[in-house]
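Take a look at the letters that make up each chain.
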Amino acid sequence: MTNRETKEQVSRVSISLPPGILQELDAMVAEKGYASRSQAIQNILHQELMASRNDCADELMAGVIILFYNNAATGLSQKLAELQYENLAEVISSLHVNLVRRQTLEVLLVQGKVGKLQEIADQFMTQSGVISGKLHLIASLIPPVHEKGRPPSLDITPC
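So, how was this worked out
- Residues numbered from 1 in each chain as written.
- Predicted model: local features only at pLDDT ≥ 70, side-chain atom pairs only at ≥ 80, totals over all residues.
- Heavy atoms only, no water.
- UniProt positions renumbered as here; feature names shortened; annotations may be inferred.
- Pairing = 2+ DSSP bridges.
- Helix = DSSP H or I, 4+ residues; strand = E, 2+ residues; numbered from the N terminus.
- Buried < 20%, exposed > 50% of the residue type's maximum accessible area, 1.4 Å probe, protein only.
- Core = buried A, V, L, I, M, F, W, Y, C linked by side-chain atoms within 4.5 Å.
- Contact = heavy atoms within 4.5 Å.
- Salt bridge = Lys/Arg side-chain N within 4 Å of Asp/Glu carboxyl O.

- You'll find the protein chain entered in an unreviewed UniProt entry as Putative nickel-responsive regulator, with Acetobacter aceti given as the organism.
- The Sequence similarities (unreviewed entry) field of the UniProt record for the protein chain holds the comment "Belongs to the transcriptional regulatory CopG/NikR family."
- Reading the Function (unreviewed entry) entry of the UniProt record for the protein chain gives the comment "Transcriptional regulator."

Describing the pairing of strand β3 (residues 103-113)
Then step 1. Pairing of strand β1 (residues 60-70) with β3 involves eleven bridges; the strand directions are antiparallel. Within β3, the residue paired with Leu67 across the bridge is Glu106.
Then step 2. One ladder, built from seven bridges, connects strand β2 (residues 91-98) with β3; its direction is antiparallel. Of the residues in β3, the one forming a bridge with Val91 is Val110.

Focus: unusual backbone geometry
Then step 1. For Arg101, which is not glycine, the phi torsion reads 55° and is therefore positive.
Then step 2. In this fold, Arg101 is placed in the loop between β2 and β3.
Then step 3. Note on Arg101: relative accessible area 70%, which makes it exposed.

Details of the nonpolar core
Then step 1. Counting residues in hydrophobic clusters, the biggest one holds 20 residues, and the most contacted among them are Ile65, Leu67, Leu108, Val110, Phe124 and Leu135.
Then step 2. At the level of elements, β1, α4 (76-86), β3, α5 (114-125) and β4 (130-138) are the ones that each hand at least two residues to this core.
Then step 3. Looking at this core element by element, the count peaks at five residues for α5.
Then step 4. Filtering out sequence-adjacent residues up to four positions away, Leu108 remains in contact with Gly63, Val64, Ile65, Leu67, Gln84, Val91, Ser93, Ser94 and Phe124.

Comments concerning the pattern of salt bridges
Then step 1. All chains considered together, the criterion is met by two salt bridges.
Then step 2. Arg37 is paired through a salt bridge with Asp26; the nearest N and O atoms lie 2.6 Å apart. In this pair, Arg37 sits in helix α3 (residues 37-53) while Asp26 sits in helix α2 (residues 19-32), placing the two residues eleven residues apart along the sequence.
Then step 3. Arg37 sits in the partly exposed class, given a relative accessible area of 41%.
Then step 4. Residue Asp26 is classed as partly exposed on the basis of its relative accessible area, which comes to 30%.

Structure (structure tokens):
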């Protein structure tokens, strides 16, 4: 089997662009370091296709909730921790980094139905003290942590 045969099959398409947009595309390709126009256009299309899938509330997806907040806001850290616990099935992991001027950047790794993830993101982003937030989803899933069809054992007795 040749190297070319092992690669994913691709289809070639042709698009027509006005000169101004083509110049902007070429500038972006150079600025961001894309290997080609095709790679840049593929990336842009992928982002837009993922954004359109965000409207499918029952679709399973993984992603991140990004929060930027004032950690001096009364009770905010506790409330955010409680929200994570309340959504334990969807919130896989979190990382927070303390920044200057009592600000925190927090990233939550999430997976679940799009509608539920948006609901969770909205709960986090609307807390008093949260400066900004965003939900970013991808069309992929995290491999299962537990055997399918069998709930995890919560028995923590020593072996």
